[in-house]
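# Descriptive analysis of the structure
Listed here are the chains, written in short residue letters.
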Amino acid sequence: MAEFLYKKSLGQNFLQDKNILKRIIEVSNISGNSLTIEVGPGSGNLTKEIASVSKKVLCYEIDDRLESVLDVNLIDYHNVDIIFADFLKRDILKDILNYEFDSLYFVANLPYYITTPIIEKLIKANLNFKHITVMVQKEVGERFNAKPGMKEYNSLTVYLNYYFDLKKEFIVSRNAFKPKPNVDSMVISLTNKENKLYLKNKDHFETLVRDSFKFKRKNLKNNLKNYDLAIVLKVLEKYNYDLTVRAEELPLEFFVELSNSLN
Ligand code: SAM
């Protein structure tokens, strides 16, 4: 690993701290006849820990320079398969057809430049993960967990909170990585919401939420000017708001009800 040239463009900050690797596994709750997906094994630090608790591990690594490193580091781990490819381009459903398992997990120290696309892909794949554990940039983690009225509350917060119960697990200092990034990190757990609110059309909901937050300084009347504003107002009034409100004040339930009313 000594001469390995880390690529910043691929988010290559490898976690060195053994205690933190162990804590990630503790919160991941992996047990039983499990398959765990990991995106970006890097040199295999976290993969080894996952492989010691999960029956099978399926990794996706975009950087094939790491193949020889992983061959050596994971030589004793016969329950790990690695696909050298861009995770965002893979058909996960097809990939996991080759495995027999009772519960599916996802654990990753995410490449931060594609945090949102990876999580969106997990949602859209509709795979019924038992538990998702991800390390993200601390500021992004704050956004995921934000409540209405907080400055961190945005469209991704609303979208994610529709699907998942989110839990902030712990903060990881930038000093735990090599090379050291410019930001601290946060480990987050995502579990499927048991009783999701009824939604007529998931794509409509996603677009509506994105449009509602489109221009941060604008109110709902401006951001949703291409929608039926009479319906928007009617739903807003149920929540004691009018069209001058900004999206960051409004709860998830409002966006679900509005999407259902506009459809
Ligand atoms: N898991 C290791 C650890 O915790 O030390 C490395 C994590 S590092 C933050 C992110 C890893 O994701 C890198 O190995 C990088 O090459 C890989 N990666 C970046 N983009 C990727 C993509 N689109 N698909 C698969 N892997 C990717």
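Below or above, wherever it landed, is the structure these notes cover. (Residues numbered from 1 in each chain as written. Predicted model: local features only at pLDDT ≥ 70, side-chain atom pairs only at ≥ 80, totals over all residues. Heavy atoms only, no water.)

What follows covers the packing of aromatic side chains. Inspection of the entire model under this criterion finds 13 aromatic pairs. Relative to Phe106, the ring of Phe87 lies with its centre 6.3 Å away and its plane at 50°, an arrangement referred to as tilted. Of this pair, Phe87 sits in the loop between strand E4 (80-84) and helix H4 (92-96) while Phe106 sits in strand E5 (residues 103-109), placing them 19 residues apart in sequence. Residue Phe87 shares its accessibility class with Phe106, and that shared class is buried. Consider the rings of Tyr162 and Phe205, whose centres lie 5.3 Å apart with planes at 50°: the pair is tilted. With a gap of 43 residues between them, Tyr162 in helix H7 (residues 155-163) and Phe205 in helix H8 (residues 202-212) connect regions that are remote in the sequence. (Phe/Tyr/Trp six-rings, centres within 6.5 Å; stacked < 30°, edge-to-face > 60°. Helix = DSSP H or I, 4+ residues; strand = E, 2+ residues; numbered from the N terminus. Buried < 20%, exposed > 50% of the residue type's maximum accessible area, 1.4 Å probe, protein only.)

Between helix H10 (residues 229-238) and helix H11 (residues 252-262), the shortest axis-to-axis distance is 10 Å and the interhelical angle comes to 145°. For the element pair H10 and H11, the recorded crossing hand is right-handed. Every residue of H11 that contacts H10 at Ile231, Val232, Val235, Leu236 and Lys238 is listed here: Phe254, Glu257, Leu258, Ser261 and Leu262. For the contact of H10 with H11, the residue count by class is seven nonpolar, one polar and two charged. (Axes fitted to C-alpha atoms, helices over the stretch in contact; angles between N-to-C directions. Left-handed = near helix turned anticlockwise from the far one by under 90°. Contact = heavy atoms within 4.5 Å. Nonpolar A, V, L, I, M, F, W, Y, C, P; charged D, E, K, R; others polar.)

On to the environment of Pro148, then. Its location among the elements puts Pro148 in the loop between helix H6 (138-144) and H7. Looking at Pro148, the relative accessible area reads 38%, which means it is partly exposed. Sequence spacing of Pro148 and Glu169 is 21 residues, and the spatial spacing of their C-alpha atoms is 21 Å. Once residues lying within four places of it in the same chain are set aside, the contact partners of Pro148 are Tyr153, Glu248, Glu249, Leu250 and Pro251.

Next up on the list: the pairing of E4. Judged from the five bridges that link them, strand E3 (residues 56-61) and E4 form a sheet pairing that is parallel. Within E4, the position partnered with Tyr60 by the bridge is Ile83. What joins E3 to E4 is helix H3 (residues 67-73), and the crossover it makes is right-handed. (Pairing = 2+ DSSP bridges. Right-handed = clockwise from strand over helix to strand, strands pointing away.)

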